[in-house]
Amino acid sequence: MRNRYLDLLRFLAIVRVVVYHVTGWATLTLVFPAMSVMFALAGSLMAASLTRSGPAAVGRRLRRLLPSLWVLAVIFVPAMLLSGLPASSRLLLWLFPIADPPANHWGALALSVIWYLRDYLWFVLASPVAFWLFRRAPLPTLLAPYLLLVAIESGIYPAPPVLREFGLYFGAWLLGFAHHAGMLRRLAGRVLYPVALTLAVAGGAWIITHPGPRGYDLNDNHLGNALWSAAFILIVLGRAPAGIAWLGRSRLADRVVTVVNRRALTVYLWHMPFVVALTPLVDMVGWSHQDPLVLAVRVLLVFALVGLVTLAVGWVEDVAARRPPELVPGGRPRPAGPPARSGTGPAARSAARPAGKTAGRAVVPAQRVAGEAATVEVSAG
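Since the model is a prediction, treat every value here as computed from it, not as a measurement.

## Notes on the overall build of the chain
The number of helices and strands found in the chain is 18 helices and zero strands. Of all 381 residues assigned to the chain, the portion counted as buried reaches 42%. In the chain, once contacts between residues fewer than 6 apart in sequence are set aside, the share between residues at least 24 apart is 72%.

Below you can see the structure in the form of structure tokens.
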């Protein structure tokens, strides 16, 4: 059974990322630290997959991650090669981006969001070992990325960029592990709220005293970003509601959340090229980049263009997840097949036997069978 609250968080995170890239409003990064939330949600899903499947979950997660990138590369890599990108063996990174794939001058801007897939890939590969450590020593494992980042930012340990990314976002990923394990939900308010407040104050103080080139933008401040985001995640996941029934009462809202969740990777990968393409058009028509009406129009245009691309190639995410491909996800469920005729067949004869009886072998009591069936249904969702 899908957790619609987590779906709503992912929807809000994706929308926030797109709006931020169009407007450049640094305040949005503080109000909703979307990237850390997305990594925390991904970490929770990864922990659930590892619990069910063990290390085989790595392959399944990569299978769902990479095809959408390959579709993007099929279009943009030839375009970059034709506009000056040198051909080299590093182009193979577009198949498996353990480092930033090569790009030319305009591709570096239009495809700058690839860093998310690079970090996601590393986190997936590290997850079996991290999950093993987390189950044996949860608190030290949770603290390790943040302590690493403190050492890097204070100059104690001049680490390579990949370790800096682990310090920044792997902590959020591990908080997703804690969410899956129920640790955040079990934290009493007298512990959770003071810890979250302490992290927020420390992160906020670091941000204020170390402003970046764009002011108080979390993307320019690794340590402040990590601490502020950890406080945010503790609240939104640690005090997650049991359900959000109101979402289901609005058919349109429910469908929109479903579509964006099923096409989250497509929306994320394709929105930035349209942001970059529309920016010079503002200058051509003489509009102001900060006019609220102009920004609103640009946001709507980006979502409209991304919607068209999603209709064209979004079904790749269905294929990668081994779902039947859909043009627009979340439609009415397909009708079930014709019901089996009662009174005949082995299943009917078996159901007709009194509960607790045996026929040459042990029979699980009827109440136990119902419970197991319910558990399988929830896990499969």
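## Observations regarding empty space enclosed by the protein
If you walk through the whole model with that rule in mind, you get one cavity of 30 Å³ or more. Of the pockets and cavities examined, the largest cavity occupies roughly 60 Å³. Taken together, R16, T29, P33, A34, M35, S36, Y169, L218, N219 and N225 form the lining of the largest cavity. It is helix α3 (residues 34-53) that contributes the most residues to the lining of the largest cavity, three residues altogether.

## As for the nonpolar core
Within the largest apolar cluster, 94 residues are counted, with the highest numbers of intra-cluster contacts made by W94, W173, F177 and L237. Residues contacting L237, with those up to four places away along its chain left out, are L6, L9, A40, L41, H179 and L184.

## Quick word on helix α1 (residues 4-23)
Helix length check: α1 (20 residues) gives 28 Å between terminal C-alpha atoms against 28 Å at 1.5 Å per residue, within 8%. With 15 of 20 residues buried, α1 lies mostly within the body of the structure. For α1, the N-terminal capping position is held by N3, with its side-chain oxygen 3.0 Å away from the main-chain nitrogen of Y5. Positive backbone phi, at 75 degrees, marks G24, one or two positions downstream of α1.

## Quick look at the environment of A47
Locating A47 in the fold gives a position in helix α3. Given the relative accessible area of 0%, A47 is considered buried. Considering only alpha carbons, one finds A47 and G176, 129 residues apart in sequence, at a separation of 7.6 Å. The contact partners of A47, leaving out residues within four places of it in the chain, are F131, F177 and H180.

## Here's the deal with the layout of surface pockets
Roughly 580 Å³ of internal volume is contained in the second largest pocket. H21, S112, W115, R214 and N219 are, among the 23 residues lining the second largest pocket, the residues nearest its centre.

## Here we look at the environment of G84
Secondary-structure assignment places G84 in the loop between α4 (56-82) and α5 (105-110). What makes G84 exposed here is its relative accessible area of 55%. Along the sequence, G84 and H105 sit 21 residues apart, while their C-alpha atoms lie 8.8 Å from each other.

## Comments concerning the packing of α1 against α3
Between two packed helices, both the angle of their axes relative to each other and the distance between the axes serve to describe the pair. Two elements in contact, α1 and α3, have axes whose closest approach is 9 Å; the angle formed by their N-to-C orientations is 145 degrees. Here α1 and α3 pass one another in a crossing that is left-handed. Seen from α1, the contacting residues are L6, L9, R10, A13, I14, R16 and V17; seen from α3, they are A34, M35, M38, L41 and L45. Class assignment of the residues belonging to the contact of α1 with α3 gives a composition of 10 nonpolar, no polar and two charged.

## Considerations on helix α13 (residues 251-262)
It helps to recall that an α-helix has 3.6 residues per turn; residues three or four apart then point in one direction. Compared with the 16 Å implied by 1.5 Å per residue over 12 residues, the 16 Å span of α13 between its first and last C-alpha is a close match. When α13 is considered as a whole, its buried residues turn out to be V257, T258, V260 and N261. Where α13 is buried, its residues touch α1, α12 (245-249) and α14 (264-285).

## What to know about the side chain of H271
Considering the arrangement of structural elements, one finds H271 in helix α14. For H271, a relative accessible area of 0% puts it in the buried group. H271 has contacts with V17, V18, H21, V113, V302 and V306, leaving out every residue within four places of it along the chain.

## Points about the environment of Y169
Tracing the chain through its elements places Y169 in helix α8 (residues 161-181). Overall, Y169 belongs to the buried group, its relative accessible area being 4%. When neighbours within four sequence positions are excluded, Y169 is seen to be in contact with M35, S36, F39, W115, D119, F123, N219 and N225.

## A word on the pattern of salt bridges
Tallying each qualifying case throughout the model produces 12 salt bridges. Its salt-bridge partner being R214, residue D220 comes within 2.7 Å of it at the nearest N-O pair. A residue is classified by how much of its surface remains accessible, and D220, at 24% relative accessible area, is partly exposed. Of the charged contacts, one joins D318 and R323 as a salt bridge, the two residues approaching to 2.9 Å between their closest N and O atoms. With relative accessibility at 23%, the residue R323 sits in the partly exposed group. Salt bridges linked by common partners bring R4, D7, R10 and D254 together as one network.

Rules used throughout
Residues numbered from 1 in each chain as written. Predicted model: local features only at pLDDT ≥ 70, side-chain atom pairs only at ≥ 80, totals over all residues. Heavy atoms only, no water. Helix = DSSP H or I, 4+ residues; strand = E, 2+ residues; numbered from the N terminus. Buried < 20%, exposed > 50% of the residue type's maximum accessible area, 1.4 Å probe, protein only. Contact = heavy atoms within 4.5 Å. 1 Å grid on protein atoms, 1.4 Å probe; cavity = no way out; pocket = protein on both sides within 12 Å on 5 of 7 lines; lining within 4 Å. Points joined across faces, edges and corners; volume = space filled by probe spheres on them. Core = buried A, V, L, I, M, F, W, Y, C linked by side-chain atoms within 4.5 Å. Expected span 1.5 Å × (residues − 1). Polar contact = N/O pair within 3.5 Å; in protein donor to acceptor, adjacent residues only side chain to side chain. Axes fitted to C-alpha atoms, helices over the stretch in contact; angles between N-to-C directions. Left-handed = near helix turned anticlockwise from the far one by under 90°. Nonpolar A, V, L, I, M, F, W, Y, C, P; charged D, E, K, R; others polar. Salt bridge = Lys/Arg side-chain N within 4 Å of Asp/Glu carboxyl O.

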